[in-house]
Each structure stands twice: as structure tokens, then as C-alpha cells.
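# Geometric and topological summary
Each chain is listed here by its residues.
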Amino acid sequence: RPSISTSQTWSTDIISAMRHVLLSVLLTALSTTVFAQPRPNVVLIYMDDLGYGDPSSYGATRIRTPNIDRLAKDGLRFTDAHSPAGTCTPSRYALMTGEYAFRKKGTGILPGDAALIVEPGRTTLPSVMKKAGYVTGVVGKWHLGLGPQGGPDWNGEIRPGPLDVGFDAAFIMAATGDRVPTVYIENRRVVGLDPRDPITVSYQKKIGDWPTGRENPDLLTMHPSHGHDMTIVNGVSRIGWMTGGKAALWKDEDMADLFTSKAVAFIEQHRNTPFFLYFATHDLHVPRVPHPRFAGTSGMGPRGDALLEGDWSVGEILNALDRLKLADNTLVIFTSDNGPVVDDGYKDEAVAKLGDHKPAGPLRGGKGSNFEAGTRVPFIVRWPREVKPGVSNALVSQVDLLTSLAAFTGQKLTDADAPDSFDVMSALLGKTGTGRDHLVQQATVLSLREGTWKFIEPSKGPRVTANTDIETGNDPGGQLYDLARDLGERQNLATQYPERMREMAARLAQIREMGRTGR
Ligand code: NG6
Ligand code: CA
């Protein structure tokens, strides 16, 4: 081994220069081996209403989703991963807070003018990432409310909002595509608002003189099948009334392009720092108004076209990561906020053109259902550097992301934080095939999973929803299924295993009462 000579013939300058070089070589070696924290970028792609059977990598054959499939091929594809609830707002609430939404009142599907339901200052998924040194951004569908009690000031500063619960940057829509106000919000302001044309929003009564779907159906390019007959914007009647803000109104056709370009810009801008991007697409939610270059391309009507558009958005994110040479060290988590729905309130031919496509795959139910299709959703983790491609049957939930990523970035949580969130990071990274041992699923009532057993609480509600024609999974006697034998939940074993029913009901009651499931 060469040693450093201290011979008098060497000038002290050379010696000190060599010391310096050696020291920095040593430090670099140390910092990349011993002290290195795994700090990949994290991109969470959250599609809307994407069903377990929609992507071709989850079994669809009538439609191809090449970009989602690319994630599945290079990543770990989960077969038993869940959104926390069967609809959007409670799922996103639990995703953000690590707390089951059933614990907090007011976390049902929110109107577009609702107040923010995530308490500013509490530990959230983005606040955890921010504390770990990540730049945090949200692009797309928010649907967690904005502003104080009484709702936001659309014409001034919108506060509190995403920037007050852990995000450094936000480019969002307030609620859904089918709810007013139909404008984008960047950080604390409506984008492109002309102050001389202020926005007014109401969910109580008609305001202003803009046409509505109820009074002026002749003006519609997309007709409602149920509800959705209030203010018309861009030829589509919405839920709620609005007036003003003409210059700020969105064009549904351009929404996917815009959100995708904002997500890509965020990645480009923060390419040199670890970043956390929560990219929540509007696709496949209603109204399904894809860009003309996707319209008609699926042969399945706008629902299929919106799926292809959403898949394209996924591809653009992956391409950006490739182009910037970030793919290898970016953890991509791809999933959906709840199960699928075909007719969700607009006459968009989704039912007529469905053919033999099964949005829920082999599962029973759909969006809002207690059956598996309500919450069991596509879920793929890709991190080329660390995660071996494959399939995982581990039971995991999006409610776990907070605690998993906290542990992953070396952070301690207090008992008050994320009360229902478990560290399932080793399952997410494929180091183990085991996730949670139990899980509460929320739809019309609660269900409890224990291993492959599933208990659905008794419920007196309708068996099929009047509008969306989805089997709710309501049953006044309660239900028990063994998903290992009966994934399609056809054989109710309640009377066969009364003891197990009682035990699971008791455990669910206990989880409810404790206020947390704990770690
Ligand atoms: C329902 C809407 C539905 C959809 C859903 C929310 C009607 C008749 N139906 O109330 O169209 O907007 O709310 O979907 O208005 S979610 O994915 O955001 O939870
Ligand atoms: Ca949804």
C-alpha cells in the first residue's frame, strides 16, 4: 500500500494538498457507504376511481394500459392492497393523516366549497416527507376541503390549504371535476382570476344567471344521468352553482395535459433535491371528457378513453424520470382512491360500451361498496435500485404510507400521530411477503379483515345503489367470507362460523372504541 512520505524533500504545500485529497476521498467513501440514508425521490401517483380489473397488468384484456403495465413489469405488483375507504374524501383523509376516516366526522364526500378537514399542524404524509428534507408538492385532485369553517375565499387568499398541511407547492382542483368551482388553484390563489369578475359558489341555492342543466339541457354537450344538473360550465352541468371567474374556468379536455405538465415541471424543478410528489389524476372520474386525441380511441366510450388518458399521464411521469436520469432512485407508488364505477352520473356510454371488460376484475362490488372492489385497488411499487420486480400478496393499505415513509426516512412518530398507520415498508419494498395482520375497510359500514377472513358489519341499507347500480354489500345479518377460498365473496359463512363472527365483531368494536389501532 502506498504510504504518505513526510520526507523533507516534499514541500509542505504538496503534503497538505495530498492530505486534503486523501481526506476528501475517505469522506466521500464513508458518506456513500456508512452514513448513506436511502433517500430516493418519492412519487405517489393516485388515480381516481380506477378499478382492480382496469389495467391490463391486473387482467384486463379488452384494453391495454402500457404505462401502468410498464410499472408493473419493473416493479412489485400488489394483489391485496387497499384504499382506506370506498370513496374519495375518506380515502384521501386517511392517506394524508394515517387515521381511519371513520374516526372523524365530516370526512364523507365533500362539496366543492367545504372547509379543509385536515387540521393544520398535525403530522401528515407530506409533513413527514418535508421534515425528512424533501421538497413536497401536490398536483391534481384535492377534495379535502379548503379554507376555514364556512369555506374558502375564492377571490382572495385560500388559507388554510395544502401549504398548511405539509406541501411546499400545490396546483390543484378543489374537489372533483363534477363539482363547482371549476377552476384551478395554485398555492393560495385561483389561477387566472380576473378580480373584476369575482367567483361566487353555492351548494344551497342557485346564484347568478348562468345556465343550468336542469333549465337549459339544450346547452349541454354531456348530459347527466343522475344529479349533476346545476351550473353548466364548458357544456357540462355540475354539482353546485357558481357564477363569475370566467377567465379562470377550466376546459375539461385539457385537464390531464395541464396536471401532467405541472407534475413534470415539479420533477424537473426539483431534480437535484429529494422530492415527494403527490400526483392525483382526475382520470377516470366523471365527467369523463378526455382530450380529443384520446376521444374514441378505446372503443369503450369516454370511460375507456379516460383510462387511456390516465395511463398516458403515468407514462409522461415515467418518461420525465428517465429523461432526467432519476428513475433508478425514485420510488414510484401507483394506486387508486377507490374502486370502479361505470355510470357515475353522466350519460357517457360507459355502460353501453363496457362489453366484457370487468372494471373490478374478479372482485364483487365497486366504488362505495363493502365488497372487496370498493377498496381493493391496483397498487404498484417501483424502485429499480432496491425493489425486485414481482407480485406481492401482502395485505397493505394506503393508510400505512405515512408511518412506513416516516420509518423509512428515520423519523419517530408520537402516539398521537397517524393512529391507524403501520410500518409496512418491508412489504412495500418486497423484503417480506407479509403486511398487516388485520385491516379495517370503510364503505357504507365497516369491515374487518383478519388474514384472509373478512367480516362485514350488519347494515340495513339497500343491496344495490339506485344510481350507480353497484352491489353495496349491505346485509342486515352481517357477513363473513374467507377470501382465500372465495375472493368473489359469494358464500356468506356467517351461520357456519358464528364464533368467528362474534370475535371479529368484538375486535372491530374494540378498534372503534380505542380511537387508534396503534403500532
Ligand atoms: C357522488 C356523485 C358522483 C361522484 C361522487 C364522488 C351524484 C349523483 N353522484 O355524490 O358523481 O362525484 O359523489 O366521487 O352526484 S369521489 O370519487 O370523489 O368520491
Ligand atoms: Ca374517487
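In short, a report on the structure. No experiment lies behind these values; they were computed from the predicted model shown.

## Thoughts on the overall build of the protein chain
When helices and strands are counted, the protein chain shows nine helices and 20 strands. At 25 Å, the protein chain has a C-alpha radius of gyration in line with the 24 Å of a compact globule built from 519 residues. C-alpha extents for the protein chain along the principal axes are approximately 95 × 65 × 45 Å. Sorting the 519 residues of the protein chain into buried and exposed places 61% on the buried side. Of the contacts formed within the protein chain by residues at least 6 apart in sequence, a portion of 72% connects residues at least 24 apart. Of the accessible surface of the protein chain, which amounts to about 21,000 Å², a share of 53% is contributed by carbon and sulfur atoms.

## As for the site of ligand 1
Of all residues adjacent to ligand 1, which total 19 residues, the nearest are Cys88, Asp178, Arg179, Asp344 and Lys367. At 2.8 Å from an oxygen atom of ligand 1 is found a main-chain nitrogen or oxygen belonging to Asp344. Protein contacts shield 83% of the accessible area of ligand 1, which totals 450 Å² for the unbound molecule. Class assignment for the residues of the shell around ligand 1 results in four nonpolar, seven polar and eight charged.

## Details of the coordination of the calcium ion (ligand 2)
The protein atoms donating to the calcium ion (ligand 2) are Asp48 (OD), Asp49 (OD), Asp337 (OD), Asp337 (OD) and Asn338 (OD1), with metal-donor distances spanning 2.2 to 2.7 Å. Coordination at the calcium ion (ligand 2) is irregular: its six donor atoms span angles of 51 to 172° at the metal. Expressed as a motif, the donor residue spacing for the calcium ion (ligand 2) is D-D-x287-D-N. Here Asn338 lies in the loop between strand E13 (330-336) and strand E14 (379-382) and Asp48 lies in the loop between strand E1 (41-47) and helix H2 (66-74), a separation of 290 residues in the sequence. Here the two residues Asp48 and Asn338 agree in accessibility, since each one is buried.

## Remarks on unusual backbone geometry
It is generally the case that most residues other than glycine have a negative phi and that most peptide bonds are trans. A cis amide bond links Arg159 with the next residue in sequence, Pro160, at an omega value of 0°. Position of Pro160 among the secondary structure elements: in the loop between strand E4 (135-141) and strand E5 (169-173). In this model, Asp283 is joined to Leu284 through a cis peptide bond whose omega is 5°. Positive phi is not limited to glycine here, since His143 has a value of about 60°. With respect to the element layout, His143 can be found in the loop between E4 and E5.

## Some thoughts on helix H3 (residues 88-97)
When you tally the buried positions in H3, you get 10 out of 10 residues, the bulk of the element. Inspection of H3 places Cys88, Thr89, Pro90, Ser91, Arg92, Tyr93, Ala94, Leu95, Met96 and Thr97 among the buried residues, and these make up the whole buried set. Remark: Gly98 follows H3 within two positions and exhibits a positive phi of approximately 70°.

## With respect to the packing of aromatic side chains
Evaluation of the coordinates by the stated rule reveals 15 aromatic pairs. With a centroid separation of 6.3 Å and 80° between ring planes, the pair formed by Phe171 and Phe259 is classed as edge-to-face. Taken together, the positions of Phe171 in strand E5 and Phe259 in helix H5 (residues 255-269) put the pair 88 residues apart, joining distant regions of the chain. This pair shows no difference in class: Phe171 is buried, exactly as Phe259 is. One aromatic cluster in this structure is built from Tyr46, Trp142, Phe167 and Tyr278. We note Arg77 situated over the ring of Tyr58; from NZ or CZ to the ring centre the distance is 4.8 Å.

## Here we look at the sheet that holds strand E18 (residues 446-450)
Strand pairing in a sheet relies on backbone hydrogen bonds, with the paired strands running either antiparallel or parallel. Read from one edge to the other, the open sheet built from four strands follows the order E17-E18-E19-E20, with strand pairing classed as antiparallel. This sheet does not close on itself; its edge strands, each paired only once, are strand E17 (438-442) and strand E20 (479-482). For this sheet, the mean angle separating the axes of adjacent strands, direction not counted, is 15°.

## Considering the side chain of Arg288
Within the fold, Arg288 resides in the loop between strand E12 (275-280) and helix H6 (301-323). Within polar-contact distance, the side chain of Arg288 engages the backbone oxygen of Leu284 at 3.1 Å. With sequence-adjacent residues up to four places away left out, Arg288 is seen in contact with Met222, Pro302, Arg303, Ala306, Val341, Val342, Asp344, Asp348 and Ala350.

## Description of the sheet that holds E13
Across the sheet, which stays open at both edges, the 10 strands sit in the order E7-E6-E5-E4-E12-E1-E13-E14-E2-E15 with mixed pairing between neighbours. Since the sheet does not close on itself, it has two edges, and those belong to strand E7 (189-190) and strand E15 (390-392), each with one partner. Pairing analysis gives five bridges linking E1 to E12, with the strands arranged parallel. Its bridge partner being in E12, Leu44 is matched across the sheet by Tyr278. Packing of H3 onto the sheet brings it into contact with E1, E4 and E12, and relative to E1 it is tilted by some 165°.

## Observations concerning the pattern of salt bridges
This structure, assessed with the given rule, holds 37 salt bridges. Between Arg303 and Asp54 there is a salt bridge whose closest N-O contact spans 2.8 Å. Here the residue Arg303 occupies a position in helix H6, and Asp54 occupies one in the loop between E1 and H2, the gap between them amounting to 249 residues. Across this residue pair, the class does not change: Arg303 and Asp54 are buried. When the shortest N-O distance is used, the salt bridge between Glu99 and Arg122 registers 3.2 Å. Taken as a pair, Glu99 in the loop between H3 and helix H4 (125-131) and Arg122 in the loop between H3 and H4 lie far apart in primary sequence, 23 residues in all. Of the two residues, Glu99 and Arg122, neither departs from the other in class, the shared state being buried.

## A look at the packing of H2 against H6
The N-to-C vectors of H2 and H6 enclose an angle of 55°; their axes lie 7 Å apart at closest approach. Judged by the angle between their axes, H2 and H6 are oblique. Facing H2, whose interface residues are Pro66, Asn67, Ile68, Arg70 and Leu71, H6 presents Asp311, Trp312, Val314, Gly315, Leu318, Asn319 and Asp322. Split into classes, the residues belonging to the contact of H2 with H6 amount to six nonpolar, three polar and three charged.

## Section: the pairing of E17
With five of five residues buried, E17 lies mostly within the body of the structure. The alternating pattern of E17 places His438, Val440 and Gln442 and Leu439 and Gln441 on opposite faces, both of which are buried. What sits between the antiparallel neighbours E17 and E18 is a turn of three residues.

Criteria and cut-off values
Residues numbered from 1 in each chain as written. Chains lettered and ligands numbered in written order. Predicted model: local features only at pLDDT ≥ 70, side-chain atom pairs only at ≥ 80, totals over all residues. Heavy atoms only, no water. Helix = DSSP H or I, 4+ residues; strand = E, 2+ residues; numbered from the N terminus. Rg over C-alpha atoms; globule rule 2.2 N^0.38 Å. Buried < 20%, exposed > 50% of the residue type's maximum accessible area, 1.4 Å probe, protein only. Contact = heavy atoms within 4.5 Å. Areas by Shrake-Rupley, 256 points an atom, 1.4 Å probe, with all protein chains shown as cover. Near = heavy atom within 4 Å. Polar contact = N/O pair within 3.5 Å; in protein donor to acceptor, adjacent residues only side chain to side chain. Nonpolar A, V, L, I, M, F, W, Y, C, P; charged D, E, K, R; others polar. Donors = N, O, S within 2.8 Å, 3.2 Å for Na, K, Ca; no water. Tetrahedral: all angles 85-135°; square planar, octahedral: opposite > 155°, others 65-115°. Phe/Tyr/Trp six-rings, centres within 6.5 Å; stacked < 30°, edge-to-face > 60°. Lys NZ or Arg CZ within 6 Å of the ring centre and 35° of its normal. Pairing = 2+ DSSP bridges. Axes fitted to C-alpha atoms, helices over the stretch in contact; angles between N-to-C directions. Salt bridge = Lys/Arg side-chain N within 4 Å of Asp/Glu carboxyl O. Parallel < 35°, antiparallel > 145°, perpendicular 65-115°, else oblique.

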